[in-house]
Amino acid sequence: MKRPLLFAALLTSLAGAAVADEHSVGLKAGALGLGVEYAYDVTERWSVRAGLNGLTFGLDAEEGGIEYQFDLVFDSLAAGVDLHPMKSPFRLSLGFLRNDNRLDLESRPTQNVEVGDTIYTPAQIGSLIGRVGFSGTATYLSLGWDRSRKNERFG
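A.B. asks: Got a sec to walk through the pattern of salt bridges? Specific residues and values, please.
C.D. replies: All told, the structure shown has nine salt bridges when counted by the stated rule. With a closest N to O distance of 3.2 Å, R102 and D104 form a salt bridge. Overall, D104 belongs to the buried group, its relative accessible area being 16%. One network of salt bridges, with partners in common, ties together K28, E37, R49, D82 and R91.

Right, dumping it as structure tokens:
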């Protein structure tokens, strides 16, 4: 969670130092987690944008008589170029997304566990560790609206 906070502080200081309307900083919440985004309008039609999303959410749960610790981790970085064909908030974007979002789980049983018809001791099991997620970078093509182009505070 330190990376998003440092990135947010850097972007906020950059935007605070800017005196032109070409700079914008935004806070985001969505399917990729909580994030911060910086955009710079190169011209009335073109802008560049970069964003960082991050959040960790943990919970304990039981499945099949086994206690697990679950961590849902949001960790992604995006950068792109936006075309505003009508010089309006509408945009077409091309960029890349590095997506390291994942679900981690871990269990260290303290008592015997029955799996099927077999009973296992904690010493036999050790740790149960699992991870489901994404790893890698992909390009994207998208469309959307950029409310900062109308000096909106929320969008």
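Once you've had a look at it, read on.
A.B. asks: Give a detailed account of the nonpolar core, specifying residues and quantitative values.
C.D. replies: Among the nonpolar cores identified, the biggest contains five residues, and these are I66, Y68, F70, V113 and I125. With residues near it in sequence (within four places) discarded, V113 still touches I66, T118, I119, Y120 and I125.

A.B. asks: Give me the lowdown on the pairing of strand 4 (residues 66-83), citing residues and values where you can.
C.D. replies: On a regular strand, one side chain projects to one face of the sheet and the next to the other, so that they alternate. The pairing of strand 3 (residues 46-63) with strand 4 spans 18 bridges and is antiparallel. Of the residues in strand 4, the one forming a bridge with L59 is F70. The pairing of strand 4 with strand 6 (residues 102-107) spans five bridges and is classified as antiparallel. Among the inter-strand pairings, D71 is bridged to a residue of strand 6, identified as D104. Sheet analysis places strand 4 next to strand 5 (residues 90-99), joined by eight bridges and oriented antiparallel. Within strand 5, the position partnered with V81 by the bridge is L94. In textbook terms, the turn of a hairpin is the stretch between consecutive antiparallel strands, and for strand 4 and strand 5 this stretch comprises six residues, one of which, K87, has a positive phi near 55°.

A.B. asks: Go over the environment of H84 with me, naming the residues and quoting the values.
C.D. replies: Looking at the secondary structure, you find H84 in the loop between strand 4 and strand 5. Here H84 falls in the buried class, since its relative accessible area comes to 0%. Considering only alpha carbons, one finds H84 and W145, 61 residues apart in sequence, at a separation of 9.2 Å. Of note is the side chain of H84, whose polar atom sits 2.9 Å from the backbone oxygen of S88.

A.B. asks: Explain the side chain of D104 to me, using residue names and the numbers behind them.
C.D. replies: Relative to the elements of secondary structure, D104 occurs in strand 6. Of the polar contacts made by the side chain of D104, one reaches the side chain of R102; its length is 3.2 Å. A polar contact is formed between the side chain of D104 and the side chain of R131, at a distance of 2.7 Å. If sequence neighbours within four positions are ignored, D104 has contacts with Q69, F70, D71, V73, G130 and R131.

A.B. asks: Go over the packing of aromatic side chains with me, naming the residues and quoting the values.
C.D. replies: Evaluated as defined, the whole model comprises two aromatic pairs. Summarising the aromatic geometry, the rings of Y68 and F70 are spaced 5.9 Å apart at their centres and angled 45° between planes, so their arrangement reads as tilted. Per residue, the accessibility class of Y68 equals that of F70, and both read buried.

A.B. asks: Requested: an account of a nonpolar patch on the surface, with residues and values cited.
C.D. replies: Judged by side-chain polarity, Y40, V42, W46, V48 and V81 come together as a nonpolar surface patch covering roughly 410 Å² of accessible area. In this structure, V42 sits in the loop between strand 2 (33-41) and strand 3.

Thresholds applied
- Here the residue numbering is sequential within each chain, running from 1 through the sequence in written order.
- Two thresholds apply to this predicted model, a pLDDT of at least 70 for residue-level local features and 80 or more for giving and counting side-chain atom pairs, whereas whole-chain, interface and lining totals are computed over all residues.
- Processing note: side-chain calculations cover all non-hydrogen atoms of the structure and skip hydrogens and water entirely.
- One speaks of a salt bridge when a side-chain nitrogen belonging to Lys or Arg is within 4 Å of a carboxyl oxygen belonging to Asp or Glu.
- Think of it in three bands: with a 1.4 Å probe and only protein chains considered, a residue is buried below 20% of the maximum accessible area for its type, exposed above 50%, and partly exposed in between.
- The term nonpolar core refers to a set of buried residues drawn from Ala, Val, Leu, Ile, Met, Phe, Trp, Tyr and Cys, joined through side-chain atoms within 4.5 Å.
- A contact between two residues is defined here by any heavy atoms of the two lying within 4.5 Å.
- Being paired, for any two strands, means DSSP has found at least two bridges between them.
- Counting from the N terminus, the helices are DSSP H or I runs at least four residues long and the strands are E runs at least two residues long.
- Here a polar contact is taken to be a pair of N or O atoms separated by no more than 3.5 Å, where protein atoms must pair a possible hydrogen donor with a possible acceptor and residues adjacent in sequence count only if both atoms sit in side chains.
- Only the six-membered ring of Trp is used, alongside the rings of Phe and Tyr, when aromatic pairs are assigned; centres must lie within 6.5 Å, and planes under 30 degrees apart are stacked while those over 60 apart are edge-to-face, with the rest tilted.
- Like-charged residues within 9 Å of one another, or nonpolar side chains (Val, Leu, Ile, Met, Phe, Trp, Tyr) within 5 Å, are grouped into patches, provided each residue has over 30% relative accessible area and no salt bridge.
- Accessible surface is estimated by sampling points in the Shrake-Rupley manner with a 1.4 Å probe; for residues, cover comes only from the protein chains shown.

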